[in-house]
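Here are the chains, one letter per residue:
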Amino acid sequence: MSEKVTKKAEEVAAESNESVETAENTEFASTLTKEERAAIEAMPYEEAREKLVQAVQALEAGGLTLDQSMRQWEIGEALAKRAQGLLATVRAKLDAAQAEQSATAATAGTQSNLED
């Protein structure tokens, strides 16, 4: 993949992470440990999505104390933010690749694209 695509994806991911950190710092004190947050941040999309489904199911099933419910909610929020960040990165890569393709489409099949 080109450097432009990679750079754009990194920018989108960084913006997503910055807004997540700002929101977390202003809303409430986290009950998740640094290790738990690091584990979530390292998860691939599929794992984050599956664990998010599990957290939602636990909340929907009921029977949790208020503290347990809040913890499940916080875990779910962190997992949702991770999944959204990964999707945003993929979207940025696709957008950048499409933009690059559009930029080169004008000269595709012409002599000018062979001159570089």
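To be clear, the structure that these remarks concern was listed above.
Figured I'd write up the structure that's included with this text. These numbers were taken from a predicted model, which means no experiment stands behind them.

Concerning the packing of helix H3 (residues 45–61) against helix H4 (residues 66–105)
In the contact formed by H3 and H4, the axes pass within 9 Å of each other and the chain directions differ by 150°. The pairing of H3 with H4 is recorded here as roughly antiparallel in orientation. Every pair of crossing elements has a handedness; the one defined by H3 and H4 is left-handed. Across the interface between the two elements, Tyr45, Ala48, Lys51, Leu52, Ala55, Ala58 and Leu59 from H3 touch Ser69, Gln72, Trp73, Gly76, Leu79, Ala80, Arg82, Ala83, Leu86 and Leu87 from H4. Residue classes in the contact of H3 with H4 are distributed as 12 nonpolar, three polar and two charged.

Examining the pattern of salt bridges
Summed over the entire model, instances satisfying the criterion amount to three salt bridges. For arginine 71, the salt bridge goes to glutamate 36, with nearest N and O atoms at 2.3 Å. With a gap of 35 residues between them, arginine 71 in helix H4 and glutamate 36 in helix H2 (residues 34–42) connect regions that are remote in the sequence. Here aspartate 95 ties to arginine 91 by a salt bridge, and the two come within 3.4 Å at their closest N and O atoms.

Re H3
Owing to its 3.6 residues per turn, the α-helix aligns residues three or four sequence positions apart on the same side. Its 17 residues give H3 an end-to-end C-alpha distance of 24 Å, which sits within 8% of 24 Å, the value for a rise of 1.5 Å per residue. One or two residues past the end of H3 sits glycine 62, with phi positive at roughly 75°.

Some points on the environment of glutamine 54
Considering the arrangement of structural elements, one finds glutamine 54 in helix H3. Classification of glutamine 54 by relative accessible area gives partly exposed; the value is 42%. It is 9.3 Å that separates the C-alpha atoms of glutamine 54 and glutamine 72, two residues lying 18 residues apart in sequence.

Some thoughts on the nonpolar core
One recurring pattern in soluble globular proteins is that nonpolar side chains are buried together. Within the largest apolar cluster, seven residues are counted, these being Leu32, Ile40, Met43, Ala48, Ile75, Ala78 and Leu79. Tallying contributions element by element places H4 first for this core, with three residues. The residues contacting alanine 48, other than those within four sequence positions of it, are Met43, Leu79 and Arg82.

With respect to a nonpolar patch on the surface
Nonpolar side chains collect at one region of the surface, where Leu59, Leu64, Leu66, Met70 and Trp73 lie side by side and expose about 450 Å² of accessible area between them. On the secondary structure map, leucine 59 appears in helix H3. Looking at leucine 59, the relative accessible area reads 33%, which means it is partly exposed.

About the criteria used
- Residues numbered from 1 in each chain as written.
- Predicted model: local features only at pLDDT ≥ 70, side-chain atom pairs only at ≥ 80, totals over all residues.
- Heavy atoms only, no water.
- Axes fitted to C-alpha atoms, helices over the stretch in contact; angles between N-to-C directions.
- Helix = DSSP H or I, 4+ residues; strand = E, 2+ residues; numbered from the N terminus.
- Parallel < 35°, antiparallel > 145°, perpendicular 65-115°, else oblique.
- Left-handed = near helix turned anticlockwise from the far one by under 90°.
- Contact = heavy atoms within 4.5 Å.
- Nonpolar A, V, L, I, M, F, W, Y, C, P; charged D, E, K, R; others polar.
- Salt bridge = Lys/Arg side-chain N within 4 Å of Asp/Glu carboxyl O.
- Expected span 1.5 Å × (residues − 1).
- Buried < 20%, exposed > 50% of the residue type's maximum accessible area, 1.4 Å probe, protein only.
- Core = buried A, V, L, I, M, F, W, Y, C linked by side-chain atoms within 4.5 Å.
- Patch = residues over 30% accessible without salt bridge, like charges linked within 9 Å, V, L, I, M, F, W, Y side chains within 5 Å.
- Areas by Shrake-Rupley, 256 points an atom, 1.4 Å probe, with all protein chains shown as cover.

Functional significance is not addressed by these values, which are geometric in nature.
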